[in-house]
Amino acid sequence: MSTTNNYAGIPDQFAQLETAKVVLIPVPYDGTSTWGKGADKGPEAFLNASENMELYDIETGTEPYQQGVYLADAITENSSPEAMVDAVHKITKKYIKRNKFVTLFGGEHSISIGTIRAFNECFSNLTVLHIDAHADLRASYEGTTCNHACAVHEASQQTNLLQVGIRSMDAIEKTFMDEEKTFFAHDMVNDEYWMDKVVNQMTENVFITLDLDAFDPSIMPSTGTPEPGGLLWYEMLEFLKQVFTEKNVVGFDIVELCPNKADKSSDFLAAKLYYKMLSYKFATNDDSYDNGDDADKANPFSKLSKFKDAADNDDF
């Protein structure tokens, strides 16, 4: 995917699966998008931009890559949307059960169906924080339940779904939407307490699915369906920092980068955003995935009744 074998060109000692705390799974899939194509090129552009990024985070005073980031093989299953979702689900779950902080970079938003399914099976009482311009709540679209327009429908039925930044939807999606847990962009702009209101509705374990079109197209034009009126950079970071600080973020995915060869700024924003999210995770919860003497506190699975078998009994 990138010009080196490692995420961000980091030294090999920080890129080994056995010792890395973080797993990054690229999913270059763009099988169901309906307007701007190119999300399948997103992971490669993201990885290339990451190699040109400074690895010291000024805000937190940390170098998150030193936690170890293993760049997994890209998931390239594209025979059908359903097959892709199944592959993402299976591979994501296996890395979670190896006690890794699992992250994914798409690809279009349909990849998140498999991602969320895996996390919901592994973490009890899961909140899914969906940051996006679009509601993505259709039960099916164009003949499949695994369309990008259906990205969080399953999550709406099976998890505590919170939607942030929404400013585009179809009328049918209101039938699946919990408006008490939906934060529309036009309301957020006039509500200085919206961040607290979102966090207050979260359970302890949170998975974040972040569509880059949540950002305003003035700073993030390279998405499949750019919508005016989105979040700006420091507003997004303030919100994410609060979530990572106050809750246990168990993983995240970032989707819908459609790179433009004439403008690399969006690629770099995506790269910087991913790294900032790692910095918040490990600056605020540095020991959450350590395997030390206090194993019960270190292992996130010690609290999870959903696992019937020990992780090391699962073939990989």
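Note that the structure is a prediction, hence the values are computed from the model and not measured. (Residues numbered from 1 in each chain as written. Predicted model: local features only at pLDDT ≥ 70, side-chain atom pairs only at ≥ 80, totals over all residues. Heavy atoms only, no water.)

> Let's hear about the overall build of the protein: which residues, and what values?
Scanning the protein from N- to C-terminus turns up nine helices and eight strands. For the protein, the residues scored as buried account for 57% of the 316 residues in total. For the protein, the accessible surface area stands at approximately 13,500 Å², while carbon and sulfur atoms represent 45% of it. (Helix = DSSP H or I, 4+ residues; strand = E, 2+ residues; numbered from the N terminus. Buried < 20%, exposed > 50% of the residue type's maximum accessible area, 1.4 Å probe, protein only. Areas by Shrake-Rupley, 256 points an atom, 1.4 Å probe, with all protein chains shown as cover.)

> Any details on the packing of aromatic side chains? Residues and values, ideally.
Here the structure, examined in full by the defined rule, presents 14 aromatic pairs. Residues Tyr-7 and Tyr-274 carry aromatic rings whose centres are separated by 5.5 Å and whose planes lie at 65° to one another, so their mutual orientation is edge-to-face. Pair noted here: Tyr-7 is in the segment before strand 1 (22-27) and Tyr-274 is in helix 8 (residues 265-284), with a separation of 267 residues, a long-range link. Each of the two residues, Tyr-7 as well as Tyr-274, counts as buried. (Phe/Tyr/Trp six-rings, centres within 6.5 Å; stacked < 30°, edge-to-face > 60°.)

> Got a sec to walk through the sheet that holds strand 8 (residues 248-255)? Specific residues and values, please.
Two strands in a sheet stick together by hydrogen bonds in their backbones, pointing the same way (parallel) or opposite ways (antiparallel). Ordered in space as 2-1-3-8-7-4-5-6, the eight strands form an open sheet in which the pairing is parallel. Only two strands of the sheet have a single partner each, and these edge strands are strand 2 (69-71) and strand 6 (182-184). For this sheet, the mean inter-axis angle between neighbouring strands, taken without regard to orientation, is 15°. With five bridges connecting them, strand 4 (residues 127-131) and strand 7 (residues 205-211) associate as parallel partners. Counted as the bridge partner of Leu-129 is Ile-208 from strand 7. Packed onto the sheet, helix 3 (residues 111-122) meets strand 1, strand 3 (101-106), strand 4, strand 7 and strand 8 and runs at close to 170° relative to strand 8. (Pairing = 2+ DSSP bridges. Axes fitted to C-alpha atoms, helices over the stretch in contact; angles between N-to-C directions. Contact = heavy atoms within 4.5 Å.)

> Help me get a handle on the packing of helix 2 (residues 81-96) against helix 3, residues and values and all.
The packing of two helices is summarised by the inter-axis angle and the distance between the axes. Between helix 2 and helix 3, whose axes approach to 7 Å, the crossing angle comes to 35°. Regarding helix 2 and helix 3, the two cross each other, and that crossing is right-handed. Here Met-84, Val-85, Asp-86, Val-88, His-89, Thr-92, Lys-93 and Ile-96 of helix 2 lie close against helix 3, whose contacting residues are Ile-111, Ile-113, Gly-114, Thr-115, Arg-117, Ala-118, Phe-119, Glu-121 and Cys-122. Here the contact of helix 2 with helix 3 is composed, by residue class, of nine nonpolar, four polar and four charged. (Left-handed = near helix turned anticlockwise from the far one by under 90°. Nonpolar A, V, L, I, M, F, W, Y, C, P; charged D, E, K, R; others polar.)

> I'd like to hear about the pattern of salt bridges, residue by residue, with values.
Here the structure, examined in full by the defined rule, presents 11 salt bridges. Here Lys-276 ties to Glu-59 by a salt bridge, and the two come within 2.6 Å at their closest N and O atoms. In this pair, Lys-276 is assigned in helix 8 and Glu-59 in the loop between helix 1 (42-50) and strand 2, connecting sequence segments 217 residues apart. A residue is classified by how much of its surface remains accessible, and Glu-59, at 41% relative accessible area, is partly exposed. Residue Arg-117 is joined to Glu-154 by a salt bridge in which the shortest nitrogen-to-oxygen separation is 2.7 Å. Taken together, the positions of Arg-117 in helix 3 and Glu-154 in helix 4 (residues 153-158) put the pair 37 residues apart, joining distant regions of the chain. Look at Glu-154 and you get partly exposed, because its relative accessible area is 23%. Residues joined in a network through salt bridges with shared partners are Asp-57, Glu-59, Lys-241 and Lys-276. (Salt bridge = Lys/Arg side-chain N within 4 Å of Asp/Glu carboxyl O.)

> Please give an account of the nonpolar core that cites residues and values.
Ranked by size, the top nonpolar core spans 58 residues in total, and within it Tyr-7, Leu-129, Ile-131, Ile-208, Leu-212 and Leu-273 carry the most contacts. Ranked by the residues each element gives to this core, the list is headed by helix 8, at 10 residues. With sequence-adjacent residues up to four places away left out, Leu-212 is seen in contact with Phe-105, Met-220, Thr-223, Ile-254, Val-255, Glu-256, Leu-257, Leu-269, Ala-270 and Leu-273. Judged by nonpolar contacts, the second largest core, of 39 residues, contains Ala-72, Ile-96, Ala-118 and Phe-123. (Core = buried A, V, L, I, M, F, W, Y, C linked by side-chain atoms within 4.5 Å.)

> Give a description of helix 3 that names residues and reports values.
The end-to-end C-alpha distance of helix 3 is 18 Å, a good match for the 16 Å that 12 residues give at a rise of 1.5 Å each. Most of helix 3 is tucked away, with 10 of its 12 residues classed as buried. Restricting attention to buried positions, one finds in helix 3 the residues Ile-111, Ser-112, Ile-113, Gly-114, Thr-115, Ile-116, Ala-118, Phe-119, Asn-120 and Cys-122. (Expected span 1.5 Å × (residues − 1).)

> Can you break down the side chain of Asp-30 residue by residue, with the values?
With respect to the helices, strands and loops of the structure, Asp-30 is situated in the loop between strand 1 and helix 1. In this structure Asp-30 comes out as buried when scored by relative accessible area, which is 14%. Looking at Asp-30, its side chain comes within polar contact range of the main-chain nitrogen of Ala-39, at 3.4 Å. Look past the residues within four positions of Asp-30 in its chain and what remains in contact with it is Lys-37, Gly-38, Ala-39, Asp-40 and Glu-108. (Polar contact = N/O pair within 3.5 Å; in protein donor to acceptor, adjacent residues only side chain to side chain.)

> Give a description of the pairing of strand 7 that names residues and reports values.
Moving residue by residue along a regular strand, the side chains alternate between the two faces of the sheet. The element strand 7 is largely enclosed, with a buried count of seven among its seven residues. Every second residue of strand 7 is oriented toward a common face, with Asn-205, Phe-207, Thr-209 and Asp-211 on one face and Val-206, Ile-208 and Leu-210 on the other, all of them buried. Two strands pair when backbone bridges link them, and strand 7 and strand 8 are joined in this way by seven bridges, in the parallel orientation. Opposite Phe-207, over in strand 8, you have Gly-251 as the bridge partner. A crossover links strand 7 with its parallel partner strand 8, the connecting element being helix 7 (residues 233-246), and its sense is right-handed. (Right-handed = clockwise from strand over helix to strand, strands pointing away.)

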